[in-house]
Amino acid sequence: MATATAFLLLPTLDGCSPSSSIFQTSVNPGGIIEVPENQIKDTKLKIIRPAGWQYDIALHKKEDGSLAALLLRCTHMDNQLAQASGGYICHLHGSRFNMDGKVIKGPAEKNLESFPVSKDNNGNILIVVKNFS
Amino acid sequence: MKNWLLTILISGICLAETSAQTKTNAQNLVFTNEDSLHQGISKQKTIISGYGSAFYQRDEVLKQSKASLERVVLFVGHQFNSKISFFSEMELENGLVVGGKEKGEISMEQAFLKFNLNSKQYLVAGLFIPRIGILNENHLPVNFNGVERPMVEQLIIPATWRELGVGFYGKSDRLPLLYSLAVMNGLNSADFSHGTGIRDGRAEGSSAWANNLAISASVQYNPGNFRFQVSGYAGGTVGLSKRGADSLKLNSGAFGTPVYLAEANAQYTNGPFQGKILFANIYYPDADKVNIAYAKNLATDAYGGYAEFGYDCLYHKQKESSLISFVRYEYLNLNATIPAAPKGIYDGTLKQQHLVIGLSYLPIPNVVIKGDVRLMHTGPQNPALVINPPPNALPYKTNNTLINLGIGYSF
């Protein structure tokens, strides 16, 4: 029974392995967060935790290989979001967002805030948060 | 000894100096930059939002219909800075409050200060809703199927259950795991009533006895499409002074005459499919003493559970709207174990089954139109509990059908 349960759950833990779930970093003077490419090489989702911030950023690799960076702050009442099936959930009032940050359950009405993502010549992923408000 | 102290002092000064020297201009810039970004995050703001619902219900046994503006709830939140914010929910039930009449009620559903400790942990203090069950935290009408809330989460878990206290919430770095721990005022056994479990013992922030306390804790694990949760509650139910409690032969103190509630649930969401199961159990070992003290008929054990399956018929249309057809089966027994007579009398009507079949149409995620049929079956009425029945009373029927229509919104 235990083996069957483990078998059932293991495939769903992609991106949640102990060593790869959170990447702690800081924002550089230019308002950019640098993330080494290998941080998201073997996973579809990386949680970025900038030092001192009250919210994490979800760095999500889409089906087409492109990257999106979403601020995990509920657009309803600014509560921190948690990962949930197929996206993110706010436990304060139950708002849900899909992996692309789109609202799928209220009371939130606005999609999650996203940051521009690019790559530098060294292959580092750059999340631009300087215009964040 | 003096040399040792001198060495430690000098080492400390050197370390502090080294540390200060190694903080480069660039690092100072980083901190400054982050601080300015925090200012962006922490912009002061006040938010007003809310939710509400209205329903029509037809009772086929009573041949009676009713309609009510069930709830209108106003949220007001204010963010003082990036770390401290305030949340409140004020609720008007059933549309009207008239002094001295059985009408609606105004109450605070929540009113608490939230202190962010970091991006994964926070504290709340005030009137808040502990994480017990599914619906207690997420009780907005757009977030559950059926016009009525699940019966188990009304009668076993008395949602929306809020008390005054302090709660600590967090999530794990290494696993998709959330946890909570809360301390709050306890329930009041003097207000427990037959047929509603512990529901009427809630203080809901209104002059609660606080000699007795309660703790609740939860762990939630969210692997992939699943969500598992276990939660528990333990608390004293006698808030009287020792003298008052002694006169009623009840145990007082923080956890005197305790009540325990344990709950486990699992949810699954995958594309158009959604499912959930929940089981909850109340254990009240001193129910016999409370029954004698207050002339009540409370159970030692009560339990209930439900399973629900839903399918979003519009999921593959890739539209904003959804049409969820669902079926939910509930089983509950509010007197699973009762104190031996004459301290407790069995009531078959509190052993219930409910089968709910219905539709939820959400044209947008914030608005829902609902319709369902609830087939209800209970055990037989115990004639020993029927005192002075009115001459025109109808015989008790163990089966009933309720037809529900409703609307709900949240924003």
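To be clear, the structure that these remarks concern was listed above.
Residues numbered from 1 in each chain as written. Chains lettered and ligands numbered in written order. Predicted model: local features only at pLDDT ≥ 70, side-chain atom pairs only at ≥ 80, totals over all residues. Heavy atoms only, no water.

A. Here's a closer look at the overall build of chain B. Each helix and strand in chain B was counted, giving five helices and 16 strands. The buried share of chain B, reckoned over its 411 residues, is 48%. Look at the contacts in chain B between residues 6 or more apart in sequence, and 63% of them connect residues 24 or more apart. For chain B, the computed accessible surface area is about 19,500 Å², with 63% contributed by carbon and sulfur atoms. (Helix = DSSP H or I, 4+ residues; strand = E, 2+ residues; numbered from the N terminus. Buried < 20%, exposed > 50% of the residue type's maximum accessible area, 1.4 Å probe, protein only. Contact = heavy atoms within 4.5 Å. Areas by Shrake-Rupley, 256 points an atom, 1.4 Å probe, with all protein chains shown as cover.)

B. Looking closely at the overall build of chain A. Regarding its fold elements, chain A presents one helix and twelve strands. Its helices and strands taken in sequence order, chain A reads α-β-β-β-β-β-β-β-β-β-β-β-β from the N to the C terminus. Sequence-distant contacts, at least 24 apart, represent 41% of the contacts inside chain A between residues at least 6 apart. Summed over its atoms, the accessible surface of chain A is roughly 5,900 Å², and 52% of this surface lies on carbon and sulfur atoms.

C. Region of interest: the sheet that holds strand β6 (residues 82-84) of chain A. All names here are of chain A. If you walk across this open sheet you meet the four strands as β6-β7-β8-β9, and the pairing is antiparallel. The sheet terminates laterally at β6 and β9 (103-105), the two strands that pair on one side only. Across this sheet, the average inter-strand angle for adjacent strands is 35°, counted without regard to direction. Pairing of β6 with strand β7 (residues 87-89), which is carried by three bridges, proceeds in the antiparallel orientation. Note on β7: the bridge partner recorded for Gln83 is Tyr88. (Pairing = 2+ DSSP bridges. Axes fitted to C-alpha atoms, helices over the stretch in contact; angles between N-to-C directions.)

D. Representation of the interface of chain A and chain B within the structure. Of the residues lining the interface, 52 residues belong to chain A; the matching set on chain B comes to 57 residues. In total, chain A and chain B occlude about 4,500 Å² of area from one another, counting both sides; carbon and sulfur atoms represent 54% of this. Summed over the three residues of chain A that lose the most area to chain B, namely A:Gln54, A:Met77 and A:His91, the buried surface amounts to 16% of that side. Where chain A meets chain B, there are three salt bridges. The residue A:Arg49 makes a salt bridge to B:Asp173 at a minimum N-O spacing of 2.4 Å. Put simply, chain A and chain B have 20 residue pairs in polar contact (both at pLDDT 80 or more) between them. (Buried area = accessible area lost by both parts, 1.4 Å probe. Salt bridge = Lys/Arg side-chain N within 4 Å of Asp/Glu carboxyl O. Polar contact = N/O pair within 3.5 Å; in protein donor to acceptor, adjacent residues only side chain to side chain.)

E. The layout of surface pockets, seen in detail. Residue and element names in this part refer to chain B. If you add up the space inside the second largest pocket, you get close to 1,300 Å³. Lining the second largest pocket we find 43 residues, and of these Lys66, Glu148, Met151, Gln154 and Arg374 sit closest to its centre. Among the elements of the structure, β1 (45-59), β2 (64-79), β3 (84-93), β4 (105-116), α3 (152-155), β14 (351-364), β15 (367-378) and β16 (399-410) are those that each provide at least two residues to the lining of the second largest pocket. No other element matches β2, which puts four residues into the lining of the second largest pocket. Its residues placed into classes, the lining of the second largest pocket shows twelve nonpolar, 14 polar and 17 charged. (1 Å grid on protein atoms, 1.4 Å probe; cavity = no way out; pocket = protein on both sides within 12 Å on 5 of 7 lines; lining within 4 Å. Points joined across faces, edges and corners; volume = space filled by probe spheres on them. Nonpolar A, V, L, I, M, F, W, Y, C, P; charged D, E, K, R; others polar.)

F. A look at the sheet that holds strand β12 (residues 125-128) of chain A. All names here are of chain A. Across the sheet, which stays open at both edges, the three strands sit in the order β2-β12-β11 with antiparallel pairing between neighbours. Both outer strands of the open sheet, β2 (32-35) and β11 (117-119), are each paired with one neighbouring strand and no more. Averaged over all neighbouring strand pairs, the angle between strand axes comes to 30°, with direction disregarded. The sheet contact formed by β2 and β12 spans four bridges and is antiparallel.

G. Just a nonpolar patch on the surface, in detail. Residue and element names in this part refer to chain B. Taken together, the side chains of Ile48, Leu74, Met90, Val97 and Ile106 present a nonpolar region at the surface, about 470 Å² in accessible area. With respect to the helices and strands, the residue Leu74 is situated in strand β2. Judged by its relative accessible area of 43%, Leu74 falls in the partly exposed class. (Patch = residues over 30% accessible without salt bridge, like charges linked within 9 Å, V, L, I, M, F, W, Y side chains within 5 Å.)

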